[in-house]
Amino acid sequence: MNVEKEVLSKARQEYEKSGIGKLAQASALVESEGYMKWTRVEDTIEFAKRMNFEKLGIACCIGLAEEGRILTDILESNGFQVTFVFCKTGGVPKEELGLKDSEKVHPGTFEPICNPVGQALIMNKAKTDLNIIVGLCVGHDSTFIKYSKAPVTVLVAKDRVLCHNPVGALYTAKGYYKHKLFESHRTRAGIKSP
């Protein structure tokens, strides 16, 4: 903190901008009031209400369709209008991105790309106030965030191996997953192990 005083001073000035201070204040209130009491779903609802958001978007992985539908029901029952868009929207073939058939999850079949740009543009057209990511893949989530005009929060971070609990890999990184995280990925990337 002592090294980047100028940067941190500039950061503090950003909170004075219209909307940024309100986002920060609502976030801080949700944190203090819901700390160790509310689930992340409840945090999201309370945050949206404190911001007076009415239109929420859900950018959902097709693999989490049921979870996305349940979330939609919960949000609608709390008075929000919801725009729900699956990742495969538009049905764009993976070949259009230059992928070979052998590079698909299921070679020999039609596989549409995950289309986070399409998802974000649909949300932008709907003029959502807040967008919620439900399990978009790594990279697709980044692209969605880049194209979304509304603020974005992540409700579910996809991890197919650990039941969408990616922190589990960190908890076991010095034990069971040590060989998977530290050693095998170094080797795959062409980096020699020490």
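Residues numbered from 1 in each chain as written. Predicted model: local features only at pLDDT ≥ 70, side-chain atom pairs only at ≥ 80, totals over all residues. Heavy atoms only, no water.

Asks: How would you sum up the sheet that holds strand β4 (residues 152-156)? Please name residues and give values.
Replies: One open sheet holds the four strands; their spatial order is β2-β1-β3-β4, and the pairing between them is parallel. With one partner strand each, in any of the chains shown, β2 (81-86) and β4 form the two edges of the open sheet. The average undirected angle you get between the axes of adjacent strands in this sheet is 25°. Both strand β1 (residues 55-60) and strand β3 (residues 130-134) contribute to a ladder of five bridges, which runs parallel. Paired with Ala59 across the bridge in β3 is Ile133. Against the sheet, helix α3 (residues 40-50) touches β1, β3 and β4, its axis set at about 155° to β4. Its contacts with the sheet place helix α4 (residues 65-77) against β1, β2, β3 and β4, and it is angled at close to 170° to β2. (Pairing = 2+ DSSP bridges. Helix = DSSP H or I, 4+ residues; strand = E, 2+ residues; numbered from the N terminus. Axes fitted to C-alpha atoms, helices over the stretch in contact; angles between N-to-C directions. Contact = heavy atoms within 4.5 Å.)

Asks: For the pattern of salt bridges, give the residues involved together with the corresponding values.
Replies: Tallied over the entire structure, the rule returns six salt bridges. Glu46 is the salt-bridge partner of Arg50, the closest N and O atoms lying 3.7 Å from each other. Here Arg50 pairs with Glu46, and both are found in helix α3, just four residues apart, close to one helical turn. Residue Glu46 is classed as partly exposed on the basis of its relative accessible area of 25%. When the shortest N-O distance is used, the salt bridge between Asp101 and Lys104 registers 3.1 Å. When salt bridges that share partners are traced, they join Glu33, Glu46 and Arg50 into one network. (Salt bridge = Lys/Arg side-chain N within 4 Å of Asp/Glu carboxyl O. Buried < 20%, exposed > 50% of the residue type's maximum accessible area, 1.4 Å probe, protein only.)

Asks: Give me helix α5 (residues 116-126): which residues, what numbers.
Replies: Looking at α5, one finds that the buried residues are Pro116, Gly118, Gln119, Ala120, Met123 and Asn124. Considering only its buried residues, α5 is in contact with β1, β2, β3 and α6 (140-147). Trailing α5 by a residue or two, Lys127 shows a phi angle of about 60°, which is positive.

Asks: Report on the packing of aromatic side chains, specifying residues and quantitative values.
Replies: In this structure the tally under the stated criterion is three aromatic pairs. Arranged with centres 4.9 Å apart and planes meeting at 80°, the rings of Tyr176 and Tyr177 form a pair that is edge-to-face. (Phe/Tyr/Trp six-rings, centres within 6.5 Å; stacked < 30°, edge-to-face > 60°.)

Asks: An account of unusual backbone geometry is requested, with residue identities and associated values reported.
Replies: Of note in the backbone geometry, Asn52 takes a positive phi value of approximately 60° without being a glycine. Topologically, Asn52 is positioned in the loop between α3 and β1.

Asks: Hey, could you go over the nonpolar core for me, with residue numbers and the actual values?
Replies: Taken as a class, soluble globular proteins show a tendency for nonpolar side chains to be buried jointly. By size, the foremost hydrophobic cluster in this structure holds 21 residues, and its most contacted members are Leu56, Leu75 and Val134. Within the residue set of this core, elements represented by two or more residues are α2 (20-34), α3, β1, α4, β3 and β4. Those residues in contact with Val134 that lie beyond four places of it in its chain are Ile58, Ala59, Cys60, Cys61, Leu64, Leu71, Leu155 and Val156. Ala59, Ala120, Leu136 and Phe144 belong to the second-largest nonpolar core, a separate cluster that totals nine residues. (Core = buried A, V, L, I, M, F, W, Y, C linked by side-chain atoms within 4.5 Å.)

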